[in-house]
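Below, each chain spelled out in residue letters.
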Amino acid sequence: MPQSITLITTAVLTLLLSLAQLAPIQQAALNSESVEHLEGDLIVEGGVTQTIEGKQLYIKGNLIVKDGSTLIVKNSTIVLELRFFGEYWAEVRDGSQLIVENSTLERTDGHNTLFVVNPGCRVVLRNVFSGWDIAPNGGEILLENYDASSARNGIFFSSGQIVAKNSKFNIISVVVASEERKCVELEGLSPGYVDHLVITRGSDKRLELISSEVDKWVVDVGFPNKPSHADVVVKDSKLWGLWIWFNPESEVVIKDIQPGTFTHWRMSEAWKVEGMGYDIELINTSVDMFKLQIVGKAVVERVSGVQVAPRGSSYVYVKDSVIEVNLILRGNEHVVLENTEVRASMIELIQDRSSLQYVIGRGGTHYLEFRNAVVKVPFEIGCDYAFITGDVTIEPGVGVIWACGVVDREFSVEVCDVFGNPIGGAYVEVLDSGGNVVWSGWTDEGGRAKFTIRFTEKNYEDTWVLRVEAGGASSSTGFGFLSSTPIRARVLLPLPLIVFIAHWKWYAVAIALTALAGVGILVWRRLRKRE
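Keep in mind that this is a model prediction, so the values were computed, not measured.

Undergrad: I keep staring at the overall build of the protein chain and nothing clicks. Help me out?
TA: Looking only at helices and strands, one finds five helices and 43 strands in the protein chain. Counting across all 531 residues of the protein chain, residues that qualify as buried make up 53%. Pairs at least 24 residues apart make up 54% of the contacts formed inside the protein chain by residues separated by at least 6 positions. Counting every atom, the protein chain has about 23,000 Å² of accessible surface; 50% of that belongs to carbon and sulfur.

This is the structure:
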């Protein structure tokens, strides 16, 4: 029997009335005389009650309340100082409590950070402005005059008892997954003012919204680490995102999809999906973006309006597509982009340190391969190690945010003359910013060579020099971490050599004909002597 999602709507108000009912939420006043900085985790433990009041606290670490303890925050600002996506998070566990009033919970530079609430815990947030994304694994959460409109997301509703009154959310994501076979129906999810809405998924999973605003709705389907058996039907809704988990056992072919309105669409009919255990059906529903959370093997072809988010030793081959939301590499994956353009947001090569790392492995290594790709977005580097290779056009003005990590980038070189003819056997040197030769070699018959440079946060802004010598002529070209490949070096050869290279085929024909003519004359002369 399908499990229905209860949608209760008692009134429909105009936009002006809805705005009037929402109490304004102010960020906590910053008191420069009470600023504190903490290096490392803030941990409240041992069953104690700790109060933070009238402070502006910056934490380079996690905030954890455990062992049946209570943390009370009043008239304060707490900032988690993230350098990249998911570096630090907040967590309440072991039957503990977190009570926050008239305060701000924020993170640096708009990075994503999770606020994890575990079973048996209680969280109360009143008159709070928050940039943290609530991700409950259980527990009770009461939100009153809570503003998460500037958070990366807002709420990932997968479990727990959540009541939100007079609140604002950027995104509410309804997570659907089950180890047991079932069908979950969602209906009437639309952005805007919500007078009264209840979504239930059993006695221990309930989300209630009262006089609140939701800017975007997301349906997030599947488990990251194993097959789910909950089929999902979404009817008469306006989704900002459909987020799909492709678990480690899955092998899929995702093709010919883009944002739009779907009168009737079924995932199993549109794509090849093996090892996932569930299906998705859209009926009279619009989707603005598709998030492909790939942990298995996937071929993605002719798609647009997507975020590609692989992790966990996955292999992803994207062809003839446009990534218009994000490319996020979060764990030990191999990603190939062929004839594909990354058009919006960022390319993130990061190490996700959230609770998901314990589910599908720590994501500190990345392999990114370009095949005639185009990049129009910045890079964010926050990982242990990454290897980048292949031919790519990186548009001018693209930047990089380098938090930590090592990146080996393999550069290809193409040496040719002024006519564009490849020059084989050209000598190539690479010099660092200090003028030291760090690599040297020779081009192959096609005028190509490859070398690798190791980049860190100390040298990623440096300029290297590519020096080429051929036929007595030379040229020099500057390049850096964000240079397009292949690096094309043109050498002005002496005119006779240029002419020879430009017309070598005709020279080869002429030499062959001359040789044949010489053989013919020799044979003719010997025949004459015999006569």
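Undergrad: Would you explain a nonpolar patch on the surface in this entry?
TA: A contiguous nonpolar surface patch, about 320 Å² in accessible area, is contributed by Val418, Phe419 and Leu492. Of note, Leu492 is situated in the loop between β43 (487-490) and α4 (495-502). For Leu492, a relative accessible area of 61% puts it in the exposed group.

Undergrad: Looking at this model, I keep getting lost on unusual backbone geometry. Mind explaining?
TA: Phi is mostly negative for residues that are not glycine, and the peptide bonds are mostly trans. Cis geometry marks the peptide bond from Thr485 to Pro486; its omega dihedral reads 0°. Its location among the elements puts Pro486 in the loop between β42 (473-479) and β43. We note that Asn102 has phi near 50°; this positive angle belongs to a residue other than glycine. A relative accessible area of 37% places Asn102 in the partly exposed class. The backbone of Asp109 sits at a positive phi, close to 60°, despite the residue not being glycine. With respect to the helices and strands, Asp109 occurs in the loop between β10 (97-107) and β11 (114-117).

Undergrad: Just to check I follow, could you spell out the sheet that holds strand β38 (residues 427-431) for this structure?
TA: The pairing of strands in a sheet happens through backbone hydrogen bonds and is either parallel or antiparallel. Ordered in space as β39-β38-β41-β42, the four strands form an open sheet in which the pairing is antiparallel. Unpaired on one side and paired on the other, β39 (437-442) and β42 mark the two borders of the sheet. Each neighbouring strand pair of the sheet contributes to a mean axis angle of 15°, computed without reference to strand direction.

Undergrad: What exactly am I supposed to notice about the side chain of Ser69 here?
TA: Mapped onto the elements, Ser69 comes out in the loop between β6 (63-65) and β7 (70-74). In this structure the side chain of Ser69 is engaged in a polar contact, spanning 2.9 Å, whose partner is the backbone nitrogen of Gly47. When residues no more than four places from it in sequence are discounted, the contact partners of Ser69 are Val44, Glu45, Gly46, Gly47, Val48, Ser96 and Gln97.

Undergrad: What should I look at first to understand the pattern of salt bridges in this one?
TA: Any two side chains of opposite charge can pair, given that their charged atoms come close. In this structure the tally under the stated criterion is 30 salt bridges. Taking the shortest distance from any N to any O, the salt bridge between Glu39 and Lys60 comes out at 3.8 Å. Taken together, the positions of Glu39 in strand β2 (residues 35-39) and Lys60 in strand β5 (residues 56-60) put the pair 21 residues apart, joining distant regions of the chain. You can call Glu39 exposed: its relative accessible area is 61%. Here Lys60 falls in the partly exposed class, since its relative accessible area comes to 38%. One salt bridge in this structure joins Glu179 and Lys226, with 2.3 Å as the shortest N-O distance. Taken together, the residues Glu179 in the loop between β17 (168-176) and β18 (182-187) and Lys226 in the loop between β20 (205-221) and β21 (230-235) connect sequence positions 47 residues apart. A relative accessible area of 28% places Lys226 in the partly exposed class. Overlapping salt bridges, with partners in common, bring together Glu324, Glu341, Arg343, Lys376 and Glu395 in one network.

Criteria and thresholds
- Residues numbered from 1 in each chain as written.
- Predicted model: local features only at pLDDT ≥ 70, side-chain atom pairs only at ≥ 80, totals over all residues.
- Heavy atoms only, no water.
- Helix = DSSP H or I, 4+ residues; strand = E, 2+ residues; numbered from the N terminus.
- Buried < 20%, exposed > 50% of the residue type's maximum accessible area, 1.4 Å probe, protein only.
- Contact = heavy atoms within 4.5 Å.
- Areas by Shrake-Rupley, 256 points an atom, 1.4 Å probe, with all protein chains shown as cover.
- Patch = residues over 30% accessible without salt bridge, like charges linked within 9 Å, V, L, I, M, F, W, Y side chains within 5 Å.
- Salt bridge = Lys/Arg side-chain N within 4 Å of Asp/Glu carboxyl O.
- Pairing = 2+ DSSP bridges.
- Axes fitted to C-alpha atoms, helices over the stretch in contact; angles between N-to-C directions.
- Polar contact = N/O pair within 3.5 Å; in protein donor to acceptor, adjacent residues only side chain to side chain.

Purely geometric stuff here, so don't read any function into it on its own.
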